[in-house]
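# Structural overview
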Amino acid sequence: MPEKKTVLITGGNAGIGLAAATEIALSGAQIILACRNQAKAAHARQNILAAKPDADVQIHSLDLSSFAGIRNFSAQFLAGNPSLDVLINNAGIMPTTQQFTEDGFEMQFGVNYLGHFLLTHLLMPGLKKVPEARIIHLGSIMHNLSGLNFDSFRERKRYFGISAYAQSKLANLMFSYELARRLPPSITSNALHPGGVDSEIYRDLPKPVYWTMKPFLITAQRAAQLIRNMALSDEWKGVTGQFKSAHGPLPVSRAAKNAELRRRLYEDSCKMTGVEPL
């Protein structure tokens, strides 16, 4: 019998994350929900157990807006789980007003991108201990709506929530591509656009905008099946540097394809988070 895989997903307490966590648990893997809101995480765990009573589901507290919190989480996680098969960088926010992380970064860039950047590097020792590890990043087609403004990482002079979200997703995609270039063959890095999923992140939009979009949104289940396949299926074994869509065509921006820009973002991100380049 093959050894049970350990899969960690950030923000797996609702929407796409919960649907993906459920799919992965149904496949027999151990699923770890790393979430800021522990009450929602506990409720999500009960939902997964209702679908599969013998599922192996753990919940851990993780606040991606705090570098200190991410470091504490990673140290505690590796102490109890020395190896990690799959890391799914799923959590995302889209506040309508400008907010800032504990470390002084614009909140969407800090949580959606930098928090996951730091988390990925800190969990790398666990990923390196398995013969075939996978890193999956939740990207978005919306990355095409923004370029990369290095002067906006700490504060945006004019704040538009969608533009800030688009930049954070562009950074995520660039990170995925750069990891695929830097990592050894035993660790793959891929990104996906889950489609326009009817999830909490869209419900933060003004109600008229949300209700206009709602007829064109798809269920979280469709995206979850793609995430499960990318995490566990043999089809994705050894595949790296891909950007896959669960819904419709997937144009990739010129900025995301720019190798020199990706390198600069990666190196600057190492300095911002205090980690050594891979």
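Above this text you will find the structure in question.
The rules behind each value
- Residues numbered from 1 in each chain as written.
- Predicted model: local features only at pLDDT ≥ 70, side-chain atom pairs only at ≥ 80, totals over all residues.
- Heavy atoms only, no water.
- Helix = DSSP H or I, 4+ residues; strand = E, 2+ residues; numbered from the N terminus.
- Expected span 1.5 Å × (residues − 1).
- Buried < 20%, exposed > 50% of the residue type's maximum accessible area, 1.4 Å probe, protein only.
- Axes fitted to C-alpha atoms, helices over the stretch in contact; angles between N-to-C directions.
- Parallel < 35°, antiparallel > 145°, perpendicular 65-115°, else oblique.
- Contact = heavy atoms within 4.5 Å.
- Nonpolar A, V, L, I, M, F, W, Y, C, P; charged D, E, K, R; others polar.
- Core = buried A, V, L, I, M, F, W, Y, C linked by side-chain atoms within 4.5 Å.
- Pairing = 2+ DSSP bridges.

### Structural notes on helix 6 (residues 161–182)
An ideal rise of 1.5 Å per residue puts 32 Å on 22 residues; helix 6 measures up with 31 Å between its terminal C-alpha atoms. Summarising burial for helix 6: 18 of the 22 residues are buried, a large majority.

### Focus on the packing of helix 4 (residues 107–122) against helix 11 (residues 259–273)
The contact between helix 4 and helix 11 brings their axes to 10 Å, and the two run at 85°. Relative to helix 11, the element helix 4 lies roughly perpendicular. Contacts between helix 4 and helix 11 pair Phe109, Tyr113, Leu114, Phe117, Leu118 and His121 from the former with Leu265, Tyr266, Ser269, Cys270, Met272 and Thr273 from the latter. Considered class by class, the residues forming the contact of helix 4 with helix 11 number nine nonpolar, three polar and no charged.

### Regarding the environment of Asn81
By the secondary structure assignment, Asn81 is in the loop between helix 3 (67–80) and strand 4 (86–89). Using a relative accessible area of 12% as the deciding quantity, one classes Asn81 as buried. Distance from Asn81 to Gly126, taken between C-alpha atoms, is 7.7 Å for residues 45 residues apart in sequence. The contacts of Asn81, once residues within four sequence positions are left out, are Gln30, Ile32 and Gln58.

### A word on the side chain of Thr120
Its place among the elements puts Thr120 in helix 4. Every residue in contact with Thr120, bar those within four places of it in the chain, is listed here: Leu87, Asn89, Ile135, Phe175 and Leu179.

### Focus on the side chain of Ser176
Within the secondary structure, Ser176 sits in helix 6. Not counting residues within four places of it along the chain, the set of residues in contact with Ser176 comprises His137, Ser189, Asn190 and Ala191.

### Here's the deal with the nonpolar core
Of all hydrophobic cores here, the largest spans 48 residues; its most connected members are Leu8, Ile70, Leu87, Tyr113, Leu127, Ile135 and Leu265. For this core, the element with the most residues is helix 4, which contributes nine residues. Counting 33 residues, the second largest nonpolar core, distinct from the first, contains Ile9, Ala21, Ala25 and Leu33.

### With respect to the environment of Phe73
Along the polypeptide, Phe73 turns up in helix 3. C-alpha of Phe73 to C-alpha of Leu62: the two residues are eleven residues apart in sequence and 6.2 Å apart in space. Not counting residues up to four positions away in its chain, the partners in contact with Phe73 are Leu8, Ala34, His60, Ser61, Leu62 and Leu119.

### So, the pairing of strand 6 (residues 187–193)
Most of strand 6 is tucked away: seven of the seven residues are buried. Of the two faces of strand 6, the one carrying Ile187, Ser189, Ala191 and His193 and the one carrying Thr188, Asn190 and Leu192 are both buried. Pairing of strand 5 (residues 133–138) with strand 6, which is carried by six bridges, proceeds in the parallel orientation. Residue pairing for strand 6: Ala133 is matched across the bridge by Ile187. Relative to strand 7 (residues 243–245), strand 6 runs parallel, the two sharing three bridges. The residue of strand 7 that forms the bridge with His193 is Ser245.

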